[in-house]
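Structural overview for review
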Amino acid sequence: MLTVTDDIKSLRAVLNPDISKIRNIGIMAHIDAGKTTTTERMLYYSGYTRALGDVDDGDTVTDFMAQERERGITIQSAAVTFDWKNHRINLIDTPGHVDFTLEVERALRVLDGAIAVFDASAGVEAQTLTVWRQAEKHHIPCVCFLNKMDKPTFSIESIRLKLKANPVVLQFPIGSGRNFTGVVDLLTNQKLTWKPTSTRDDGRTFEVKHLGQSDDPELLQAAKEARAALIEQVADLDDKFAELLLTNYGDNFDGVPANLLQEAVRRVTLARKGVPVLCGSSLKNKGVQPLLDAITAYLPNPNERHHDLVERMSRLLVPFADQHVEIPSMSAGNIALTVGLKQTVTGDTIVSSKASAAAALCRAQNDSGVGKKRGGQADIILSGVEVPDPVFFCTIEPPTMAKQADLEFALNCLQREDPSLKVRVDPDSGQTVLCGMGELHIEVLHDRIRREYGIETQLGPLQVAYRETILQQVSTTDTLDRTVGSRRHAASVNLTVRPVDMASCEVAFTEELQEQISPEIKEAVENGVQSSFLQGPLLGYPMKGVSTLIHSISVEPGTSPAMVSACVSRCMLKALRLAGGQVLEPVMSLEVTLGEEHLSSVLGDLAQRRGTVRDIQTRHDNKVLLATVPLAEMMGYSTVLRTVTSGNATFSMELDAYEAMNPQEQSALLKRMSGLM
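About the thresholds
- Residues numbered from 1 in each chain as written.
- Predicted model: local features only at pLDDT ≥ 70, side-chain atom pairs only at ≥ 80, totals over all residues.
- Heavy atoms only, no water.
- Helix = DSSP H or I, 4+ residues; strand = E, 2+ residues; numbered from the N terminus.
- Buried < 20%, exposed > 50% of the residue type's maximum accessible area, 1.4 Å probe, protein only.
- Contact = heavy atoms within 4.5 Å.
- Areas by Shrake-Rupley, 256 points an atom, 1.4 Å probe, with all protein chains shown as cover.
- Pairing = 2+ DSSP bridges.
- Axes fitted to C-alpha atoms, helices over the stretch in contact; angles between N-to-C directions.
- Parallel < 35°, antiparallel > 145°, perpendicular 65-115°, else oblique.
- Left-handed = near helix turned anticlockwise from the far one by under 90°.
- Nonpolar A, V, L, I, M, F, W, Y, C, P; charged D, E, K, R; others polar.
- Phe/Tyr/Trp six-rings, centres within 6.5 Å; stacked < 30°, edge-to-face > 60°.
- Lys NZ or Arg CZ within 6 Å of the ring centre and 35° of its normal.
- pLDDT = per-residue confidence, 0-100.
- Salt bridge = Lys/Arg side-chain N within 4 Å of Asp/Glu carboxyl O.

**Focus: the overall build of the chain**
Scanning the chain from terminus to terminus reveals 18 helices and 29 strands. Taking all 677 residues of the chain together, the buried fraction comes to 49%. Here the contacts in the chain between residues at least 6 apart in sequence split such that 73% fall between residues at least 24 apart. Accessible area for the chain stands at about 32,200 Å²; split by element, carbon and sulfur atoms hold 49% of it.

This is the structure in structure tokens:
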């Protein structure tokens with residue numbers, strides 16, 4: 001029998017371990033897959049909490065915000081630090097809701113590995129795809145955990161097909177659904193079983209024994225076949241293991257030692273050629289301890305991720321969700337918090353001085369033999385956080401003008417923390433406008449301003465953040481000739497705009513002009529072009545999918561760069577108007593899981609929302625409806641869906657693309673907006 005010590009470790013007694021024993025990991029998944037519940041079990045079994053928290057009861061460690069506990073979801077990434085079998089694990093629990101995708105992004109960019117949690121009964125879901133792409137972008141090795149094995153399973157094949165990943169199955173489940181009792185470790189041929197003695201059993205104690213002849217013959221045969229398949233798969237992915245296998249164990253796969261197989265799986269994981277897959281049921285307290293073992297066995301330490309920069313701060317804190325303990329120092333590879341940086345925002349790279357930055361660059365050059373310089377300064381910043389475009393906006397007003405300064409302070413603080421929140425002032429009305437990632441995002445921000453800053457604000461109607469593009473290619477010229485005082489400013493520009501199939505807008509120069517133009521004038525031209533993309537000619541929404549080519553630019557001596565930018569901007573406005581305007585609306589990818597008896601009602605509702613059904617799948621006793629729907633039609637959808645299905649349906653959605661609005665809808669939008677102007 002195995003159990004975990006009941007000793008509760010003091011955070012102040014935590015010492016800096018050897019860097020090879022550190023694991024900086026994130027836990028990521030679709031909403032409700034069980035990330036926070038899994039994190040809660042990790043903390044409990046490692047000895048850092050005395051009781052198991054429950055998401056439904058609102059008493060988990062990492063969901064400490066009032067908004068999280070009220071809604072039963074993770075909104076803000078939370079860091080916790082704990083030890084497991086002589087290893088330090090710095091873990092960040094990330095949100096699974098699409099409105100808070102940036103929280104996952106800003107966590108993954110500084111982590112070394114990740115646990116992808118799946119609802120085994122659902123497989124890969126919409127937000128699973130999003131967070132998996134984020135991990136791939138940052139080249140992060142992952143381990144998969146098939147959670148909720150107490151339900152019918154539906155996962156391995158979806159990992160292979162939808163994520164295009166190579167699942168390396170390390171465990172074989174014992175039983176299924178409600179009869180799930182444990183797993184067979186295919187590396188060691190051991191059977192791990194949890195046998196609860198009561199409904200209050202916490203899963204700390206479980207039985208470990210080698211498979212033997214006394215076990216179920218079907219289980220023995222299935223485990224043998226699964227282990228042979230694992231060995232063959234790893235040999236295909238790792239040349240060193242393949243050579244070892246052919247040399248020493250070609251006729252006897254059963255003789256392959258567990259430690260050699262584990263080393264090969266680790267190499268496969270770090271090379272991102274495959275992803276280890278484990279299974280369990282966190283809510284039922286089964287399978288979490290082997291997952292902790294997998295974190296230490298397969299995910300990289302900081303030295304194996306080759307981060308170039310070591311940050312050194314004056315005041316450091318060890319994070320434990322909403323509790324922090326101050327420490328005098330922190331060795332390389334760890335994750336820590338710092339306070340008092342009033343000008344710093346998410347995405348910044350911090351160094352203690354130019355000298356330390358130069359030293360970090362030298363170390364990077366010595367380690368890799370490659371270094372870059374930019375204008376004589378060390379180019380050692382970490383990759384920035386890619387902030388998606390906001391899709392909703394609304395006005396926000398303080399209760400009185402006396403509170404305006406307090407509101408501006410609160411919004412500045414929230415923007416530093418959350419780059420996906422955009423705040424601007426409407427130039428016509430002077431109102432403050434919030435731009436966010438979704439209804440829930442703005443709702444939570446509104447609630448935080450009330451609770452954390454004590455300001456009872458009023459929100460205006462929620463509006464969709466449309467985009468604009470052009471319909472045809474147009475070439476035009478313009479000249480600006482002004483005298484300011486005794487100084488004459490004159491510039492002429494010739495340019496072409498054309499629609500392109502891309503998410504952003506671009507500006508380019510002819511090859512001949514590229515060689516002639518000075519850096520100062522080039523920057524002024526680019527500024528003029530980019531400023532014209534901020535407000536489209538139809539309704540003033542930002543532009544997308546426009547390519548600008550500058551053919552010529554003539555500037556009289558003494559003309560200021562600001563006048564050059566103004567000339568280019570005016571020429572761009574003329575070209576964009578001549579090219580014809582098109583409104584682009586955000587279209588969401590929607591996934592609804594519901595009972596078949598409610599399918600016709602939901603389909604009828606989607607038809608009224610201009611939805612397009614892509615597929616209807618069967619998942620056990622439920623139907624899974626996949627569709628695309630304009631975001632403008634999805635306001636308040638959760639309430640309608642709950643009413644139509646009597647609360648027996650769930651849905652998720654994410655931005656799929658910006659698509660051209662049909663002429664009738666665009667005409668109606670133009671009329672509505674002109675009535676507001």
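**Thoughts on the sheet that holds strand E7 (residues 171–174)**
Read across the open sheet, the 4 strands follow the order E7-E8-E9-E10; overall the sheet is antiparallel. With partners counted over all chains shown, the strands left at the sheet margins are E7 and strand E10 (207–210), one partner each. If you compare each strand with its neighbour and ignore which way they point, the axes differ by 25° on average. Looking at chain direction, E7 and strand E8 (residues 182–185) are connected through 4 bridges and run antiparallel. Directly across from Pro 173, in E8, lies its bridge partner Val 183. Each of E7, E8 and strand E9 (190–193) touches helix H6 (residues 217–237); the most contacted strand, E7, lies at about 160° to it.

**Focus: the side chain of Thr 559**
Within the fold, Thr 559 resides in the loop between strand E25 (546–555) and helix H15 (561–578). Here Thr 559 falls in the buried class, since its relative accessible area comes to 10%. Other than its neighbours up to four places away in sequence, Thr 559 contacts Arg 487, Arg 488, His 489, Ala 490 and Val 564.

**Points about the packing of helix H3 (residues 101–108) against helix H4 (residues 126–137)**
The interhelical angle for the contact between H3 and H4, taken along N-to-C directions, is 25°, at an axis separation of 10 Å. Compared by their axis directions, H3 and H4 come out roughly parallel. Seen from above, H3 lies across H4 with right-handed handedness. For the pair H3 and H4, contact is made by Thr 101, Val 104, Glu 105 and Leu 108 and by Gln 127, Thr 130, Val 131, Gln 134, Ala 135 and Lys 137, respectively. A breakdown of the residues in the contact of H3 with H4 according to their chemical character gives 4 nonpolar, 4 polar and 2 charged.

**Describing the packing of aromatic side chains**
Overall, the coordinates contain 5 aromatic pairs when judged by the stated rule. When the ring centre of Tyr 44 is taken as origin, the NZ or CZ atom of Arg 204, which lies over that ring, is 4.6 Å away. Looking at Arg 424, its charged tip hangs above the ring of Phe 393, at a distance of 5.5 Å from the centre.

**A short note on the confidence of the model for the chain**
Detailed conclusions should not be drawn from predicted coordinates in areas where pLDDT is low. Of the residues in the chain, 83% have a pLDDT of 70 or more, and the chain-wide mean is 84. Mean pLDDT across the secondary structure elements of the chain bottoms out at strand E14 (residues 373–374), with 40, and peaks at helix H9 (residues 288–298), with 96. Predicted confidence is poor over residues 4–13, with pLDDT under 50, and the contacts of this stretch with residues over four places away or in other chains come to 18 contacts. Low pLDDT, under 50, characterises residues 370–380; the predicted model gives this stretch 15 contacts beyond four residues in sequence or across chains.

**Considering the pairing of strand E17 (residues 422–425)**
One ladder, built from 4 bridges, connects E17 with strand E18 (residues 432–436); its direction is antiparallel. Paired with Val 423 across the bridge in E18 is Leu 434. Hairpin connection from E17 to E18: 6 residues lie between these consecutive antiparallel strands, with Gly 430 at a positive phi of about 80°.

**Here's the deal with the pattern of salt bridges**
Enumeration over the complete set of coordinates arrives at 21 salt bridges. One salt bridge connects Arg 88 with Asp 83, and the closest N-O pair in it is separated by 3.0 Å. Here Asp 83 falls in the partly exposed class, since its relative accessible area comes to 22%. Notably, a salt bridge pairs Asp 215 with Lys 191, separated by 2.5 Å at the nearest N-O pair. Taken together, the residues Asp 215 in the loop between E10 and H6 and Lys 191 in strand E9 connect sequence positions 24 residues apart.

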